Amino acid sequence: MPKEIKIIIADDHPLLLKGLTEELVSNDYNVIDTATNGKDAAKLILKHKPAIAILDIQMPILNGFQVIKKCRDAHLKTKFILLTSHKEKRYVIKAKTLNISGYLLKDEPFSQIEKCIEALCNGETYFSKTFDAVYENQISPELEKFHKLSPSEHTIIRLIAKKYTTKDIAESLFISVRTVQKHRTNIITKLELKTSVDAIFNWTTAYRELLFIEE
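Definitions and limits used
- Residues numbered from 1 in each chain as written.
- Predicted model: local features only at pLDDT ≥ 70, side-chain atom pairs only at ≥ 80, totals over all residues.
- Heavy atoms only, no water.
- Phe/Tyr/Trp six-rings, centres within 6.5 Å; stacked < 30°, edge-to-face > 60°.
- Helix = DSSP H or I, 4+ residues; strand = E, 2+ residues; numbered from the N terminus.
- Buried < 20%, exposed > 50% of the residue type's maximum accessible area, 1.4 Å probe, protein only.
- Lys NZ or Arg CZ within 6 Å of the ring centre and 35° of its normal.
- Pairing = 2+ DSSP bridges.

A. Main features of the packing of aromatic side chains. Evaluated as defined, the whole model comprises five aromatic pairs. Ring geometry for Tyr 103 and Phe 131: centres 4.6 Å apart, planes at 40°, overall tilted. Here Tyr 103 is found in strand β5 (residues 102-105), whereas its partner Phe 131 is found in helix α6 (residues 129-147), with 28 residues between them in sequence. Here Tyr 103 matches Phe 131 in class, with each residue buried. Relative to Phe 131, the ring of Phe 127 has its centre 4.7 Å away and its plane inclined at 15°; by these criteria the two rings are stacked. On the basis of relative accessible area, Phe 127 is assigned to the buried category, the value being 18%. According to the relative accessible area criterion, Phe 131 is buried, its value standing at 2%. Cluster of aromatic residues (ring-pair linked, three or more members): Tyr 103, Phe 127 and Phe 131. The cationic tip of Lys 96 hangs over the ring face of Phe 127; the distance from NZ or CZ to the ring centre is 5.1 Å. We note Lys 96 situated over the ring of Tyr 135; from NZ or CZ to the ring centre the distance is 4.5 Å.

Here it is as structure tokens:
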């Protein structure tokens, strides 16, 4: 049952942490511990192996994403909910690449947290409408364009993301500079970018996580 499972909460804002903990406990949820920084959160999660961990993204020492990765590396089955104020594209991308189970905004009503916990207990995921809108409108279309690139173009755009110059790429792949330039032109066309020296690099900066998601 959703209210019997073990939950750990981590947030570096004491009042928010206290309020959320009290709200969950008063509604009979089993909150077994809390933390105010990412290091302590990871330690508690690794020790208690809760069914669900509710994390803020920005925390001292380790952020929420780093806590999740640390726990995933330990092969824990804990499901993670990110409770944050961040609606920016880069956070949504990072959350998607980590395959988190829930993403909620702090200004949403408590009922959303309850719905999220229930969904996770039923083997489902639950995301804020804002999260879904950002993904569907801003990220998914770019991912579709990225998938239109050829294997060679995938390799080249990843090297561009690592700040390789055209000459560096040519030498690394044992191809001519002219071939690299042709690939760059094709990438700009397929990604529907404006023609400029930094067009591809700027795209990789915005969507860096997408480039390496399948590696």
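Once the structure has been displayed, the description carries forward.
B. Layout of the sheet that holds β5. Here we have six strands laid out as an open sheet, ordered β2-β1-β3-β4-β5-β6, and parallel in their pairing. Both edges of this open sheet fall to β2 (30-35) and β6 (126-127), since each of them pairs with a single strand only. Sheet topology places strand β1 (residues 6-10) next to strand β3 (residues 52-55); four bridges connect them, and they run parallel. Considered in β3, the bridge of Ala 10 is made with Leu 55.

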